[in-house]
Amino acid sequence: MDLWQRAKGFAEEAAKRSQEISKEAAKRSQELTKGAAKFSQEFVSETAKKSKEIASEAAKKADLLRSEALRAAEQIKTLTVDLPIPMPSTVGQASNAAVVPEPGSDLERFGVTEELREFVKGITISTFRDFPMQDEPETSDVPTVSNVRQDLNEWQARHATLVLSTVKEISNFRYELCPRYMKERKFWRIYFILVDSHVAPFEKQYMEELKKKEEQKQIDSVKENPTALPPTAPDAKETELPKSSTSLTAEDLDAFLLGDLGSDDEGLDDGKDGLDDDFDKIGSTSILPLFDAYAAMLRGRAILSSPFPFLSSLFFSASASSASYSFCKRKPPYHPSLKPPVAKKIPFTCSAHGRTWEDPYRWMSDTGDPDLVDYLGRENAYADSFMADTFDIRRSLVGEMKSRMPDKVSTPPEHWGPWSYYQYIPEGREYPVLCRRLRHPDGYAKALLNYMRGCYVHIGTCRISLDHKFLAYTLDISGNESFTLQVKDLHSGHVIPNSKVEGVVSLAWAGDSSCLLVFSMELGSGLEDHLLFTEKDMSCCMDITSTKDGKFITINSNSRTSSEEDTENMKDGLWLVRERVAGVQYFLEHHYGFFYILTNAPLESTSSAAEGYYLARCIAEKSLTAEWQVIVLPGQDVSFQDMDIFHGHLVLSIQQKGLPLFCSIDIPMSVNSEQPIKLENLNPWFFPVPSCLCSIVAGSNHDFMSSIYRVMPDIIVDYDMGKREFTILHQEEVVGLTEKGESDSYGVAFPFIFTITKSKKDESLEDGQQQSWTDLSEAFSCERIEVVSHDGFMVPLTIVRPQKAKHTNQSPGLLHGYGAYGEVLDKSWCSDHICLLSRGWVLAYADVRGGGGEGSLHQSGTRACKMNSIYDFTACGMYLVNEGFVHKNKLAAIGCSAGGLLVAAAINIYHSLFSAVILKVPFLDICNTMLNPCLPLTILDYDEFGDPRNQADFEIIHHYSPFDNITQGCYPSVLVTASFHDSRVGVWEAAKWVAQVREKTCPTCSQSVILKTNMSGGHFGEGGRYIHCEDVAFEYAFLIKAMGMLDDEKQSHYYQMDSFGKKC
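In what follows, the accompanying structure is described. Because the structure is a prediction, the values reported are computed rather than measured. (Residues numbered from 1 in each chain as written. Predicted model: local features only at pLDDT ≥ 70, side-chain atom pairs only at ≥ 80, totals over all residues. Heavy atoms only, no water.)

1. Considerations on the overall build of the chain
Then, in step 1: When its secondary structure is counted, the chain shows 26 helices and 41 strands.
Then, in step 2: Put simply, the chain has 1064 residues, and 52% of those count as buried.
Then, in step 3: Intrachain contacts of the chain at a sequence separation of at least 6 include 63% that bridge at least 24 residues. (Helix = DSSP H or I, 4+ residues; strand = E, 2+ residues; numbered from the N terminus. Buried < 20%, exposed > 50% of the residue type's maximum accessible area, 1.4 Å probe, protein only. Contact = heavy atoms within 4.5 Å.)

Put into structure tokens, the structure is as follows:
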């Protein structure tokens, strides 16, 4: 059939239908007039008037549709020169082509801008296919509109119509994907998530205009007819249209607007080209409401409520907000009789870049306000009430954790000079004691630093002088991270009088131990007389260290993305190594006349900073430090993370295919000045490590002359770099689950199978040198996989689980995330995890972008790319559910500090993905915080999150800000913890977020959102050995309750048998 003839036939059919519309409208007007006769004469007269207006409006709408159809036919006619005649399988595509392009002003109003067109050019069909979004559940029997419009509001529906007719990329994607790969509703949900930052301002402006018009219309209506009364309930009920008719009409409207002529039409087409079947479906319905809605969309406005309720029931669907919480989708846990606190609201208007918003909880940022202390106290009382029924399980959990702890804990001694240094925790104590003993057989032990206290204590920095005569350390006992310096004479055991200095951040001993250099945030105590250096750039942090050999003091001035170092050898004074350059960082060590430099500075062959770090060196003379020689490049699949240096060896901390490793190189090395050497060509010794090791960090390693390198924390191993041998010194002992081996006096335990990983270069490592570990692999397993994110990026995901929980689709799970500052997510082993693992939980760790790792993993999750972190995290959550690791209703998430921002932003987007969430000292009010440069970390964080004084950065931050994007609906159960003296993340961030959730979200579900504030601690908590058990037990009990597992726990009086047959 000729395309023109088909379009012409379509127009004629529309004209025919328009006549039927007029008859239908006249019939309806008569019915309305008769029904209205039951009321007073005045009301009858008003009803007749309105009926005539409706009939007239219906006729206009019919004419409008006929006109639109003819215009569409003309449009098709003009396009036939360029378009091939479609086959029957391309009906949906042909229908899209029939939509008439709108004027430029209308396109702009509905967000179809040139900026949007450029953006979608970067989207591929894989973006939609691989987008981390769960499939929609089966449609319930609750009456709804069609599969598309129940997810699109008025503005979005109009935008979608325009995009399909004017943006060929989206039209093609929709044609290729729907309905073969996904339903219409999923396609448009993904689309609006992807383009949200481009279209949100237009939608907001449109909705604000509608709101104003609605308010004005209601005012005008009251003025015109102040005495009008609604009809009685029975009469209104008589004139109500069947619900099924409304639902079907909405589906037809979607089919016409969005080209949905196949996705949900399960019947066979009876026409040759597939159009007549769908048009007949429209004709079989009550079409008056259809054209009413269609005409409203053509005019680009919402269908507003009528001043006459009984007319609204005829022609307008009920407002979605009227029944927002008519039923709760979740089954929240038991609620206490105590009602959640209601925070007071004080009007406060914020503004930036022409945008204004209300922040009624702004008053909480004043920690001196007694109302804040009162509110936090009431929240603590509510949290205790909410958790009252978990008392027994918390007591049980604490008992389990303590029973796994040995009575005494001691670290292996570290040899440095004539002394061996170590720490131990006495029986029943919270904090460790620093000790040393002489290395000869008759050496005696002596406590150097004993910070056993009954309240908060935090040791910031601890430095022993190179002659071993003095100990300098910083102490915080308030929680606000304001440290006080104290210097102790190790011979007399007394603190040196007048050595206390407030606000000390870092310190270093000069090579002869006669001078102590400190960096302080507060000038005082006579420090002005000895001032060496002042940093005026507020975006930088200062740090003072000494090189390993003690020959130089280095002053490091670092921002999040750049660094600058000054050196001093106490003879030539202070001199700059290289000036700061944006995006470039470098760190140096000294070795017999050379500075070895780890840097990401641009190589000569490139114009921008390298994606990763490499090794350079220069002669350690003031006039030659600018002449760097590149000596070692990392090689394929390897990235340098850090370095350390010794008398005969250089140690590199590396990432190899996402796994942490260490290797050593013999120095001094012979390097060709013309060409750098690949790491693999320097005969490196890759330290053998267990194959499933998730976390490995360097020990103290103070002794420059040593050939031994120590790593920790899951295991403590000494690597002899000269002999290329290693000795296992210590693994955490889990009482009742492991036994002490003869070769290990410190106890051993690790949850996974340990096979030594050897490099191909490790020819000298004989099989007999491999040492065995006692492990828990019979009970638990660990694996590392990669998950596809929304843009194809492969997100590393580490999964720890009981052997019995493999792909059962029934296990509860806890997903950890951080994703900021280039920090690698902490995956170190802790025996506390056994409390969840032995109960069948799956523990997962998502290394999302923004965190540490290879190449540009950090930068691709910062500033404008921050949404990558959030989508990576949700992709991992969906993977755990879809692959059967975790039950779909039993997935929990946890995030700490900046990780709290990650998790809270994720639940704003996907309310139903997580059933329980723990946010620990979370960064939630990022938009307001970053707009306040007076807060301690704001300026430093510009490099990480962006500077909201710049409008582009502001829009991005505001788009994902957890506090600013709380929406209506059912949120998961959430435990939020905060510390009153936290100097990094203000206590008000957690308090404001909880208050906002209570105000905006489902009132039933929000009762399961609790806030627990430590009124005496800081950002890192109180940290004692047994206090830690109490905190973790509270968190685990919350998760068990939120998952609805508390009754099972109580009934079973839980006793889990471990793999060794003992009770835990």
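The rest of the description comes next.
2. What to know about the sheet that holds strand β15 (residues 541-546)
Then, in step 1: In space, the 4 strands of this open sheet follow the order β15-β16-β17-β18, with antiparallel pairing throughout. Two strands in the sheet have a free side with no partner beyond their single neighbour: β15 and β18 (574-578). Averaged over all neighbouring strand pairs, the angle between strand axes comes to 25 degrees, with direction disregarded.
Then, in step 2: Relative to β18, strand β17 (residues 563-568) is paired through 4 bridges, and the arrangement is antiparallel. Note that in β18 the partner of Glu-568 across the bridge is Leu-574. (Pairing = 2+ DSSP bridges. Axes fitted to C-alpha atoms, helices over the stretch in contact; angles between N-to-C directions.)

3. Details of the pairing of strand β34 (residues 780-788)
Then, in step 1: Here β34 pairs with strand β35 (residues 794-802) via 9 bridges, running antiparallel. Each bridged residue has a counterpart across the sheet, and for Val-787 the counterpart in β35 is Val-795.

4. Notes on the sheet that holds strand β32 (residues 725-731)
Whether parallel or antiparallel, the strands of a sheet pair through hydrogen bonds between backbone atoms.
Then, in step 1: An order of β29-β30-β31-β32 is seen for the 4 strands of this open sheet, with the pairing classed as antiparallel. Each of the sheet's edge strands pairs with one partner strand only, and the pair in question is β29 (697-698) and β32.
Then, in step 2: In this sheet, β32 lies alongside strand β31 (residues 715-720) in antiparallel orientation, the contact comprising 6 bridges. Considered in β32, the bridge of Asp-720 is made with Glu-725.

5. Quick notes on helix α24 (residues 987-1000)
Then, in step 1: The first and last C-alpha atoms of α24 sit 21 Å apart over 14 residues, in line with the 20 Å expected at 1.5 Å per residue.
Then, in step 2: For α24, the set of buried residues is Val-987, Trp-988, Glu-989, Ala-990, Ala-991, Lys-992, Trp-993, Val-994, Ala-995, Gln-996, Val-997 and Arg-998.
Then, in step 3: Tucked inside the fold, the buried residues of α24 contact α16 (370-386), α20 (898-909), β39 (916-920), α21 (926-930), β40 (973-979) and β41 (1009-1014). (Expected span 1.5 Å × (residues − 1).)

6. So, the packing of aromatic side chains
Then, in step 1: The full count for this structure, using the stated rule, is 29 aromatic pairs.
Then, in step 2: Judged by centre distance (6.0 Å) and plane angle (50 degrees), the ring pair of Trp-416 and Tyr-421 falls under tilted. Comparing Trp-416 with Tyr-421 shows no difference in burial state: the two are buried.
Then, in step 3: When the ring of Trp-575 is compared with that of Phe-595, the centres are 6.3 Å apart and the planes differ by 50 degrees; the resulting orientation is tilted. (Phe/Tyr/Trp six-rings, centres within 6.5 Å; stacked < 30°, edge-to-face > 60°.)

7. Quick look at the environment of Tyr-375
Then, in step 1: When you line up the elements, Tyr-375 lands in helix α16.
Then, in step 2: Residue Tyr-375 is classed as buried on the basis of its relative accessible area of 1%.
Then, in step 3: Once the C-alpha coordinates of Tyr-375 and Lys-344 are considered, the two residues, 31 residues apart in sequence, prove to be 8.8 Å apart.
Then, in step 4: The residues contacting Tyr-375, other than those within four sequence positions of it, are Pro-341, Val-342, Ala-343, Trp-363, Met-364, Ala-991, Val-994, Ala-995 and Arg-998.

8. A word on the packing of helix α7 (residues 154-166) against helix α8 (residues 168-177)
Then, in step 1: Two elements in contact, α7 and α8, have axes separated by 6 Å at closest approach and are oriented at 100 degrees. Viewed along their axes, α7 and α8 adopt a mutual orientation that is roughly perpendicular. Counted together, Val-163, Leu-164 and Thr-166 of α7 and Lys-168, Ile-170, Ser-171 and Arg-174 of α8 form the full contact between these two elements.
Then, in step 2: For the contact of α7 with α8, the residue count by class is 3 nonpolar, 2 polar and 2 charged. (Parallel < 35°, antiparallel > 145°, perpendicular 65-115°, else oblique. Nonpolar A, V, L, I, M, F, W, Y, C, P; charged D, E, K, R; others polar.)

9. Focus on the environment of Lys-402
Then, in step 1: Its place among the elements puts Lys-402 in helix α17 (residues 391-403).
Then, in step 2: Distance in space between the C-alpha atoms of Lys-402 and Asp-832 is 9.2 Å, their sequence separation being 430 residues.

10. Examining the nonpolar core
Then, in step 1: Grouped together as the largest cluster of nonpolar side chains are 105 residues, with contacts concentrated most on Phe-128, Met-364, Leu-797, Leu-815, Phe-873, Phe-914 and Trp-993.
Then, in step 2: The element best represented in this core is helix α19 (residues 866-882), accounting for 9 residues.
Then, in step 3: Setting aside residues no more than four positions away along its own chain, Leu-797 makes contact with Glu-783, Arg-784, Ile-785, Val-787, Leu-815, Ala-844, Tyr-845, Ala-846, Cys-876, Tyr-879 and Leu-880. (Core = buried A, V, L, I, M, F, W, Y, C linked by side-chain atoms within 4.5 Å.)

11. Some words on the pairing of strand β5 (residues 419-425)
Then, in step 1: Counting buried positions over the 7 residues of β5 gives 5, a clear majority of the element.
Then, in step 2: As judged from the 2 bridges shared by strand β3 (residues 409-410) and β5, these two strands associate in the antiparallel manner. Looking at the pairing, Val-409 lines up with Ile-425 of β5.
Then, in step 3: Note that strand β4 (residues 414-416) and β5 share 3 bridges and pair antiparallel. Counted as the bridge partner of Glu-414 is Tyr-421 from β5.
Then, in step 4: Linking β4 back to β5 in an antiparallel pair, the connection comprises 2 residues, with Gly-417 at a positive phi of about 60 degrees.
Then, in step 5: Relative to strand β6 (residues 433-438), β5 runs antiparallel, the two sharing 6 bridges. Paired with Gln-423 across the two strands is Leu-434, which belongs to β6.

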